[in-house]
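# Summary of the model geometry
Okay, here's what each chain looks like letter by letter:
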Amino acid sequence: MSGADVILEIKGLKTHFFTRRGVVKAVDGVDFSLRRGEVMGLVGESGAGKSITGFSILRLIDEPGRIVDGEVIFEGRDLLTVPEAEMRRLRGDRLAMVFQDPQTSLDPVFTVGSQIVESLVFHQSLSPSQAGSRAAELLRAVGIPDAEKRLAAYPHQFSGGMRQRVVVAIAMAQNPALLVADEPTTALDVTIQAQVLTLMRRLVRNHGTAMILITHNMALVGQFCDSIAVMYAGQLIEHGTKEKVIRDPQHPYTQGLIRSIPGRQERCRRLDQIPGMMPNLIDLPPGCPFRPRCPSAGGDCVQRPLLRPVGLDHQAACWRRNRP
Ligand SMILES: Nc1ncnc2c1ncn2[C@@H]1O[C@H](COP(=O)(O)OP(=O)(O)OP(=O)(O)O)[C@@H](O)[C@H]1O
Ligand SMILES: [Mg+2]
C-alpha cells in the first residue's frame, strides 16, 4: 500500500466502557488503514465493536465510554488530540457519518430542504438562496424526482429509502474524505438496500471519498466493498482485499461467516451458523477470543494472536491457520 494514498490510519485503538459491572472492552487494540477512495466493509456479529470503532474515529464516545489508547491519524493528524471545536468542524466537513435509522438523523419538525440548507450554510458558508439551489441539486444527485418541490416536504412524507437518500445527500454535500456508514440500509427492504448502496458507492467513487461500511451482512460486503475487516470481541481478526477474504478466508470465524452467506452452499439445506456465542467483553478469556467456539483450537490459542500477514494485502489473527 502506498503511504501517500493512506488517508486514515488507526493504531492500537482501545475504547472501553467503565460500567458498574466492570470494564467493557468494546474496542481492544484495533489497527487498520484506509486509502483514498477505498470502500472497506467492517463486519462481525452483534456486539463485536463495529459501531464503537466507527464512533471512536469521529470521537463520538460518551460516558461511561472513553478512548483509552491509540491513534486515529486522518489526513496526517491524530484526531484524538484535536481540540473539540476543531473536531466539530471536521464532522460533516472532511468526515461524515450515516447511521442506520434516518429518523435519528433527520428532524421530523423541519422540512427536508431546511435541514439540507442548514448544513450547507454551517459548513460551506453559502447564502440561504445559494444553499437552496444547491440543496435541490443534491436531491437530484441522489435520485429524488421533483427535487425542488420535495424540498418543502417533511421527513415523514418520504419513504424510508428516500429518507436515507437524503441523509446520504447531506453527508456527501461537503465532499468528505471519509464517510463512516453504520448499517446504512439495514432498516430498508432488500431491493431498496441495493439501490441505496449502489448510489453510495457511485457517490464515493465520483468524489474519491473513502468509506467504512459497517454491516452484519457478509453478502453486501462482497458486493460493494474493496476490502473487508472482520471484527470479533473488540478485535480485528482478519483484514484484506475482498477477493482474498471471501475466496481464501484464513480465520475460522471468517470461514464460518462466509459459509453462512445464503446461496453459497447449494448442497446444504440449512444455513451454516457458527455455534456458540461471543464472549462477554467484560471478562474476556485470555488468549484467542474465538477459542471457545473454534473448531480448530489448540494449545497455542491460550496466547492472544495478533493480526499478522498471511499473504499480500491479507492479514489474520490465528495461530492455527493452515494447521489441521
Ligand atoms: N454506552 C455503553 N455502555 C456500556 N457498554 C456499551 C455501551 N455502548 C456499547 N457498549 C458495548 O460495546 C460493545 C460493542 O458495541 P457495538 O455497538 O460497537 O457493537 P456492534 O458490533 O456495532 O453490534 P451491532 O451489530 O449489534 O450494531 C458491546 O458489547 C456493547 O454492549
Ligand atoms: Mg452497531
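Scroll up to find the structure this text is about.
### Quick look at the pairing of strand E7 (residues 178-182)
Where burial is concerned, most of E7 is hidden: five out of the five residues are buried. Bridging between strand E6 (residues 95-98) and E7 involves four bridges; their strand directions are parallel. By the bridge assignment for E7, Leu95 is matched with Leu178. Note that E7 and strand E8 (residues 210-215) share five bridges and pair parallel. Its bridge partner lying in E8, Leu179 is registered against Met211. For the handedness criterion, the β-α-β arrangement of E7, helix H8 (residues 190-207) and E8 is classed as right-handed.

### Observations regarding the site of ligand 1
Near ligand 1 there are 16 residues, and of these Ala26, Ser46, Lys50, Ser51 and Ile52 occur at the shortest range. Counting residues per element, the ones that place at least two in the shell around ligand 1 are strand E1 (6-19), strand E2 (22-35) and helix H1 (50-57). For the shell around ligand 1, the element with the most residues is H1, which contributes three residues. Of the residues in the shell around ligand 1, the class split is seven nonpolar, eight polar and one charged.

### Topic: helix H5 (residues 128-141)
Here H5 spans 20 Å end to end across 14 residues, near enough to the 20 Å set by a 1.5 Å rise per residue. Within the span of H5, buried status applies to Ala131, Ala135, Leu138 and Leu139. The buried residues of H5 occupy one face: seen down the axis, they fall within an arc of 95°. Exposed and oriented more than 90 degrees from the buried face of H5 are Ser129, Ser133 and Glu137. Against the buried residues of H5 lie helix H4 (112-124), helix H6 (147-150) and helix H7 (160-172). Looking one or two residues past H5, Gly143 carries a phi angle of roughly 75°, positive in sign.

Reading the values: the criteria
- Residues numbered from 1 in each chain as written.
- Chains lettered and ligands numbered in written order.
- Predicted model: local features only at pLDDT ≥ 70, side-chain atom pairs only at ≥ 80, totals over all residues.
- Buried ≥ 20, exposed ≤ 12 C-beta atoms within 10 Å, placed from the backbone.
- Helix = DSSP H or I, 4+ residues; strand = E, 2+ residues; numbered from the N terminus.
- Pairing = 2+ DSSP bridges.
- Right-handed = clockwise from strand over helix to strand, strands pointing away.
- Near = placed C-beta within 6 Å.
- Nonpolar A, V, L, I, M, F, W, Y, C, P; charged D, E, K, R; others polar.
- Expected span 1.5 Å × (residues − 1).
- Arc of directions from axis to C-beta.
- Contact = placed C-beta atoms within 7 Å.

Function cannot be read off these values alone, since they describe shape.
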